[in-house]
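Chain by chain, the residues:
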Amino acid sequence: MKRFVGVFAAGALLAASACTTGPASADLVIQDYIDPNYQPEYVSVFAGAGGEAAILGATRDGAGPEEIASAIRLPAYFNPRTIRAATTARTGPHLVLVIAPQSGTTPRKACSGEARGGVAGSELRILGAFCSSAGRPVTEAVFVAAGSPVPSDPDFGRRLASFMAKLTPPTNPDFQGPGGPFRRGG
């Protein structure tokens, strides 16, 4: 019986991988982290204040922050979902996206305004950090996409959806328990 289940599981895995062809199958969200101090309310405050994100760097077609921001949305559990490119430094909870991060770029440097982006090449790499009002990362992730999609691609926003969900999760796993979100369980 165990052998049959193992063969069945392997077959299901192969079938599932055969269904994920195309450019999005090469998209990865790596190095994701949620700080124990992250609260989803931070994202709600950010979204309600206009959703201005610092976008550093450019996609391979040279698209600037405004074009990139207009193609990205926050996950559906936040309202409003749109983000805009920040024109000034943010003081409250804020989002930073660093495209083609330069050597030495870290989420902490992104939150403090010290990060530098470049221009994406054959691979789109984005370091993202959602920062507290104190200027420290409370979530962070790196997105890597082969084929280097650009904002004018019809599926650009869809391809970045899992990345945005990692940066702005609806809950903090450290606060999940029998009482639900934000209640410490025993």
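Heads up: the structure comes first, above all this text.
Below is a summary of the structure that appears in this document. (Residues numbered from 1 in each chain as written. Predicted model: local features only at pLDDT ≥ 70, side-chain atom pairs only at ≥ 80, totals over all residues. Heavy atoms only, no water.)

This paragraph deals with the packing of aromatic side chains. Evaluated as defined, the whole model comprises three aromatic pairs. Here the aromatic rings of Phe143 and Phe163 are separated by 5.5 Å at their centres, their planes lie at 40°, and the arrangement is tilted. One end of the pair, Phe143, is in strand 6 (residues 137–146); the other, Phe163, is in helix 6 (residues 161–167), with 20 residues separating them in the sequence. (Phe/Tyr/Trp six-rings, centres within 6.5 Å; stacked < 30°, edge-to-face > 60°. Helix = DSSP H or I, 4+ residues; strand = E, 2+ residues; numbered from the N terminus.)

Now for the sheet that holds strand 6. An order of 1-6-5-4-2-3 is seen for the six strands of this open sheet, with the pairing classed as mixed. A strand with exactly one partner marks an edge of an open sheet, and here the two such strands are strand 1 (28–34) and strand 3 (84–85). One ladder, built from five bridges, connects strand 1 with strand 6; its direction is antiparallel. Paired with Ile30 across the two strands is Val142, which belongs to strand 6. Contacts from helix 2 (residues 40–48) reach strand 2 (52–56), strand 4 (94–99), strand 5 (123–131) and strand 6 within the one sheet, and its direction differs from that of strand 5 by about 100°. (Pairing = 2+ DSSP bridges. Contact = heavy atoms within 4.5 Å. Axes fitted to C-alpha atoms, helices over the stretch in contact; angles between N-to-C directions.)

Tracing the backbone shows Gly157 in helix 5 (residues 156–159). The exposure class assigned to Gly157 is partly exposed, which follows from its relative accessible area of 26%. Counting along the chain gives 88 residues from Gly157 to Ala69, while the straight-line C-alpha distance between them is 9.5 Å. (Buried < 20%, exposed > 50% of the residue type's maximum accessible area, 1.4 Å probe, protein only.)

Moving on, we come to the environment of Ala146. Here Ala146 lies in strand 6. Separated by 24 residues in the primary sequence, Ala146 and Ser122 place their C-alpha atoms 6.8 Å from one another. Ignoring anything within four residues of it in the chain, the contact list for Ala146 reads Ala26, Asp27, Ser122 and Arg159.

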